[in-house]
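Structural description and commentary
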Amino acid sequence: MATVIPAKRAREGSRHARKNRRVERAKQLIRNYGRGEWPPNQDASSCTLYLGEYRQLLQELNGGDMLNGRFGHGLRYDYTADNRGKDRKRRKQFVVRIPTAFHLFLPKTIEETIVQWIIAIREGRAQCGTGACPQNCVHNRTQEVAKYLMPYYNGAPIRISALAESDKKHPSLSYMLEDREIEDNGLDSDDSDSDDSDSNDLGNNNLDNNNLDGNNSDNNNPGSDDSGGGGLRFPGLVLEVGWSQTSFALRRKCEWYIRNSNGEVRTVIGIDLHDLYQCYPKSKTQPNGPGELADIQATNEDICKMAKAVKEKKATGKIFIWRAEIDSCTNRAKAVLRENSPHVFLDEDLKPVGEIAFLLCLEDFISVRVLKKIGATHNPQVAIGSKLLHACFKSAVVCQVREGRENEMKKNKEKSDGGGLTG
Ligand SMILES: [Zn+2]
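Since the model is a prediction, treat every value here as computed from it, not as a measurement.

Grouped together as the largest cluster of nonpolar side chains are 54 residues, with contacts concentrated most on Ile271, Leu273, Leu276, Phe358 and Phe393. Ranked by residues supplied to this core, first place goes to helix α4 (residues 101–122) with nine residues. Leaving out residues up to four positions away in the same chain, Phe358 has contacts with Ile110, Ile269, Ile319, Ile321, Val382, Ala383, Ile384 and Leu389. The next biggest cluster of nonpolar side chains, apart from the first, holds 19 residues, and it includes Leu51, Leu57, Tyr79 and Phe94.

The subject of this paragraph is helix α5 (residues 140–148). Across the nine residues of α5, seven count as buried, placing the element largely inside the fold. Among all positions of α5, only Arg141, Thr142, Gln143, Glu144, Val145, Ala146 and Tyr148 are buried. Tucked into the core, α5 has its buried residues touching α4, β4 (149–153), β7 (173–177) and α9 (368–374).

Turning our attention to the layout of surface pockets. As a volume, the second largest pocket reaches approximately 410 Å³. For the lining of the second largest pocket, the residue count by class is six nonpolar, seven polar and eight charged. Two domains each donate at least three residues to the lining of the second largest pocket, and these are domain 1 (12–98) and domain 2 (100–180 + 232–414).

Let's shift gears to the environment of Val23. Inspection of the secondary structure puts Val23 in helix α1 (residues 7–34). Remark: the alpha-carbon pair of Val23 and Arg76, spanning 53 residues in sequence, is separated by 17 Å. When neighbours within four sequence positions are excluded, Val23 is seen to be in contact with Leu49, Glu53, Gln56, Leu57 and Glu60.

What counts, and at which threshold
- Residues numbered from 1 in each chain as written.
- Predicted model: local features only at pLDDT ≥ 70, side-chain atom pairs only at ≥ 80, totals over all residues.
- Heavy atoms only, no water.
- Core = buried A, V, L, I, M, F, W, Y, C linked by side-chain atoms within 4.5 Å.
- Buried < 20%, exposed > 50% of the residue type's maximum accessible area, 1.4 Å probe, protein only.
- Helix = DSSP H or I, 4+ residues; strand = E, 2+ residues; numbered from the N terminus.
- Contact = heavy atoms within 4.5 Å.
- 1 Å grid on protein atoms, 1.4 Å probe; cavity = no way out; pocket = protein on both sides within 12 Å on 5 of 7 lines; lining within 4 Å.
- Points joined across faces, edges and corners; volume = space filled by probe spheres on them.
- Nonpolar A, V, L, I, M, F, W, Y, C, P; charged D, E, K, R; others polar.
- Domains from an automatic or database assignment.

Written out as structure tokens, the structure reads:
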């Protein structure tokens, strides 16, 4: 019954198998994600996956539907075909993002503050940013922009081309102006700062008149003509949280959004917790008995350990804000750090610093190109409080320590059970 495989075919077969091992590894990461088997203390798990292999993965998984469906529910992943660091060495291209408590809590809290502010603008209860309105802002266009500004919490991946295998990243939080005509419904404002009333589209242009080959992110230049995103849609503002990833990696990621959207992503907020992560206890204190009290004691002990390390290392929590700056000669966007950035919002005593962690204006959420088309707003401001982020960070630490300890205990039990069987 045994079939004899000719030597050449067998060799090809093994070569094929070797080539596919990376695809299988990527699938394994996704499966592990779906089962909640996440690497401990990490905010990502990644593997090498070259472009051809990524195409194969997408084909085998039947495209994005499967990736976000059966395989990995709520999966967020990044793909960067030519992922090189400072040393020009290729980094792992396929990155599955692990939702740590920090990635869930901080964007959620910030989003809650921003949504209240957006509602206030819509309802004419927000303070005017320019002082043009005597009290609260009642400027039509400002209210209209607020009406069509939509949050995407863990929602919308950002791609640099329309191809399935496009480089992509999946931010924690982003805001996009809906593709509507802002000044319809007879709500055109009567002031004189609108200079371009004949063109109200918000950047959703035809796909076909643009180069979308997307093989090389450096050659891919969305928005280099007047098309905005080369037919792609980009959010105006993106927020990222860095925990186990280095400050350098977080910076690269934040700059990526601005560069690859050619400034359609106007503002990127990077919450850099990496110094604090380095003080976080990687192996947790085990409770000295059953019950909730022992559990709370063990958690407190780990939090004290962390606080001590934070003080020793003078670690802080920082917020970086980048904005897009368009070079007038090349017409290309680069990421520039905003003034007073980075800002320390959590000090080495793990206490909030000052009242305000960061400030945003309405126009920070909209690309310069789109803003030119719809005209200036009265640009109201929102402040995200340091105390709020501090409280949020504290609950995230408790949650993360508890979850980490549960997983460690589970793993230890599996190990000792396994040891019992073999011994
Ligand atoms: Zn106003």
